[in-house]
Amino acid sequence: MCFVGREKEVRKLTKALEGGRHVIVTGPYGIGRTRMIRQIAEAGRRERRFIFVDFSKTPGEVCEKLLSAFRPKAPFCRTVRSARYRIGRNLLAGMSLPGGSKPAIVLDNIGRLTRQKLSFLRELNLENRYLFIAIVESFLPERSFFLLRAFLFPSETITLRHLTVQDARGYFQCVARKHRLSLMNHDLTLLAEASGGYPLGMRETAQRLVKRNEGEADRFSPEEGAHTWESI
């Protein structure tokens, strides 16, 4: 996996977690918010557990996802949905966790906050058993963003912006090396400048380059070149 840049943001996020503060990550779609956190989770999985949940789902669905992660062998309560959610929330709030660093619950896709979701965050935060990393969509209303900061106090806000040309060049250099692409230095620079440092655009460009390279290789060896985009 080619991951470049974000050294400053990674240090800031890691320091916040080590200091017991929640983190709110903002930035436009495709800027690499979730990817950065997954990189941190992979690098620090021995020190801290990271659990990713889609916070566009209902609080009940989020509860079940978290309970499945923390208690994979425990059967779910067969009660009505509202009662099951309350039971699940209480179980999470009173969860007996192993010693060491607090688990980090990554709340992805926060584009809308309901009263129930805010209540869910408040209840879990009051117990002081977890750290939260909230990945906020750019269209989240300002009032909701203010409430999120209040309910996740204390927290650190990190805003991701486009990568520098140097970092973008490093990304294409990594892709070229990994997939044996014949790119000259000036090619790397042109690709980096054309991308504008936008991670999603960089990824899509890399996909096209690899696909074209595989197509050319298939003329000589049809068996070669089964790459997946997840590895770029």
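Residues numbered from 1 in each chain as written. Predicted model: local features only at pLDDT ≥ 70, side-chain atom pairs only at ≥ 80, totals over all residues. Heavy atoms only, no water.

1. Describing the overall build of the protein
Applicable threshold: Numbering of helices and strands runs from the N terminus; a helix is a DSSP stretch of H or I covering at least four residues, while a strand is a stretch of E covering at least two. In this scheme, a residue with accessible area under 20% of its type's maximum is buried, one over 50% is exposed, and one in between is partly exposed, where area comes from a 1.4 Å probe on protein chains only. Here the Shrake-Rupley method, with its probe set to 1.4 Å, supplies the accessible areas, and only the displayed protein chains count as covering residues.
When its secondary structure is counted, the protein shows 9 helices and 5 strands. Taken from the N to the C terminus, the helices and strands of the protein come in the order α-β-α-β-α-α-β-α-β-α-β-α-α-α. By the burial criterion, 43% of the 232 residues in the protein qualify as buried. If you sum the accessible surface of the protein, you get close to 13700 Å²; carbon and sulfur atoms cover 50% of it.

2. Details of the state of the cysteines
The following threshold applies: Here, the term disulfide refers to a pair of cysteine sulfur atoms separated by no more than 2.5 Å.
Tallying each qualifying case throughout the model produces 1 disulfide. Linked covalently through their sulfurs, Cys2 and Cys174 form a disulfide whose S-S length is 2.2 Å. Taking the sign of the S-S torsion, about -80° here, the bridge from Cys2 to Cys174 comes out left-handed. Here Cys2 is found in the segment before α1 (7-18), whereas its partner Cys174 is found in helix α7 (residues 165-179), with 172 residues between them in sequence.

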